[in-house]
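# An overview of the molecular structure
Read off the chains here:
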Amino acid sequence: MLYQQVASELRKAIYSGELGPGAQLPTEAQLMEDHGVSRNTVRLALGELVNEGLVTRTPRRGTVVRDRRPLLIYPQRELEPQPTEELREAFAFAVAQEGREPSQLIEVLTVTPVEEIASRLELSEGELAVVRRRLRFVDGQPYNTNDSYFPRDLVANSEIARPGDIARGANRVLEELGHEQVRVVDDIWARMPNQEEAERLQLELGTPVVVYVRVGYDRADMPVRVAVSVLPADKHLIRYELDRR
């Protein structure tokens with residue numbers, strides 16, 4: 001397809017750095033002339049790049065390359081000990097390690113969790129959970145959401161159940177309560193965002209999200225936390241390292 005050829009050439013220019021973040025792509029007329037194609041072909045090519053999250057189209061500036069600096073996530077490092085003098089919540093620590101500025105909006109609620117969450121926490125019917133709903137920012141931009149659920153009976157009298165940030169992180173609070181997480185199970189899948197997610201995360205049209213669910217277990221193999229993260233696919237890179245040496 002001609003539009004795929006045009007998209008491929010533009011894509012190469014973006015990935016090579018020839019067209020960096022904020023760079024303006026040639027006009028539709030210029031692309032038509034350069035590639036000897038119709039306006040419809042050019043629009044299909046640009047639409048493909050928009051759907052991939054590589055560019056954005058605005059009425060005033062035309063088509064520009066998006067800032068695609070993804071946040072590198074190492075899920076296996078979440079439970080690793082941090083230097084005592086740098087003890088921070090896992091997300092904030094990871095962002096700071098990249099020299100970037102983390103922030104978040106937090107809402108704390110007591111809820112009757114949906115079946116998917118209740119079953120992962122092994123709650124009986126009618127048992128409540130405390131959820132810490134967070135909209136997370138990197139350098140002032142909304143990057144992801146994270147809803148962490150805890151059995152209410154386990155955390156009712158702790159900082160986890162109170163509004164506000166926990167600078168050292170909820171994982172450390174669980175440890176202080178005698179429920180250190182020593183095993184985690186991750187489920188990861190991709191889908192399109194719902195309307196609420198698209199609005200909260202200010203997603204470009206066509207941007208998919210990765211849903212990342214982690215269940216943490218204590219030494220008695222009791223589930224003590226279910227964390228549900230929604231990660232825009234164009235802003236995150238999840239990296240696992242396995243080493244048998």
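Please read these numbers as outputs of a predicted model, since none were measured by experiment. (Residues numbered from 1 in each chain as written. Predicted model: local features only at pLDDT ≥ 70, side-chain atom pairs only at ≥ 80, totals over all residues. Heavy atoms only, no water.)

## Remarks on the environment of Tyr149
Selection criterion: Helix and strand labels come from DSSP, where a helix needs a run of H or I of at least four residues and a strand needs a run of E of at least two; each type is numbered from the N terminus. Any residue under 20% of the maximum accessible area for its type is buried, any over 50% is exposed, and the rest in between are partly exposed; the area is computed with a 1.4 Å probe on protein chains only.
Tracing the backbone through its elements, the reader meets Tyr149 in strand β6 (residues 141–151). A relative accessible area of 15% places Tyr149 in the buried class. Considered as a pair, Tyr149 and Thr58 are 91 residues apart in the sequence and their alpha carbons are 39 Å apart.

## Re the pairing of strand β5 (residues 129–138)
On a regular strand, one side chain projects to one face of the sheet and the next to the other, so that they alternate. Our working definition: Here the rule is simple: two strands pair whenever DSSP picks up at least two bridges between them.
With 9 of 10 residues buried, β5 lies mostly within the body of the structure. Both strand β4 (residues 102–111) and β5 contribute to a ladder of 10 bridges, which runs antiparallel. Across the sheet, the residue bridging to Ser103 is Phe137, located in β5. Here β5 runs beside β6; their pairing, made up of 10 bridges, is antiparallel. Counterpart to Val130 in the pairing with β6 is Phe150. Counted between consecutive antiparallel strands, the loop separating β5 from β6 contains 2 residues, among which Asp139 sits at a positive phi close to 50 degrees.

## Comments concerning the side chain of Arg100
Short version of the rule: In protein, a polar contact means a hydrogen-donor-capable atom and an acceptor-capable atom, both N or O and within 3.5 Å, with residues adjacent in sequence counting only if both atoms are side-chain atoms; elsewhere, any N or O pair within 3.5 Å suffices. Should any heavy atoms of two residues lie within 4.5 Å, those residues are considered in contact.
Here Arg100 lies in the loop between α4 (90–97) and β4. By relative accessible area, Arg100 is classed as buried at 8%. A polar contact is formed between the side chain of Arg100 and the side chain of Asp139, at a distance of 3.3 Å. For Arg100, the side chain forms a polar contact with the side chain of Tyr143, separated by 2.9 Å. Not counting the four nearest positions on each side in its chain, Arg100 is found in contact with Arg69, Pro70, Leu71, Val95, Val138, Asp139 and Tyr143.

## A word on the confidence of the model for the protein
Rule in force here: Scored from 0 to 100, pLDDT reflects the predictor's confidence in each residue.
Across the protein, the average pLDDT comes to 91, with 97% of residues at or above 70. Of all secondary-structure elements in the protein, the lowest mean pLDDT belongs to strand β1 (residues 55–58), at 82, while helix α6 (residues 152–155) reaches the highest, 98.

## Some remarks on empty space enclosed by the protein
To be explicit about the condition: Here a cavity is any set of points on a 1 Å grid over the protein atoms alone where a 1.4 Å probe fits but cannot get out, and a pocket is any open set with protein on both sides within 12 Å along at least 5 of 7 lines; a residue lines the site when it has an atom within 4 Å of a point. Grid points are joined across faces, edges and corners, and a volume is the space filled by probe spheres set on the points. Basically, the charged four are Asp, Glu, Lys and Arg, the nonpolar ten are Ala, Val, Leu, Ile, Met, Phe, Trp, Tyr, Cys and Pro, and anything else, Gly included, counts as polar.
Tallied over the entire structure, the rule returns 1 cavity of 30 Å³ or more. Size it by volume and the largest cavity reaches roughly 50 Å³. Looking at the largest cavity, the residues that line it are Glu89, Gln104, Ile106, Arg132, Arg134, Ser148, Phe150, Asp165, Ile166, Gly169 and Ala170. Of all the secondary-structure elements, those providing two or more residues to the lining of the largest cavity are β4, β5 and β6. Within the lining of the largest cavity, the residues separate by chemical class into 4 nonpolar, 3 polar and 4 charged.

## With respect to the sheet that holds strand β9 (residues 223–232)
To be explicit about the condition: With axes taken as lines fitted to C-alpha atoms, and helix axes fitted only over the stretch in contact, angles between N-to-C directions fall between 0 and 180 degrees.
In space, the 6 strands of this open sheet follow the order β4-β5-β6-β9-β8-β7, with antiparallel pairing throughout. Edge positions in the open sheet fall to β4 and β7 (183–191), since each of these has one partner strand only. Put simply, the sheet's adjacent strands are angled 15 degrees from each other on average, direction ignored. Taken together, the 9 bridges between β7 and strand β8 (residues 209–217) define a ladder with antiparallel strand orientation. Pairing of Trp189 across the sheet is with Val211, part of β8.

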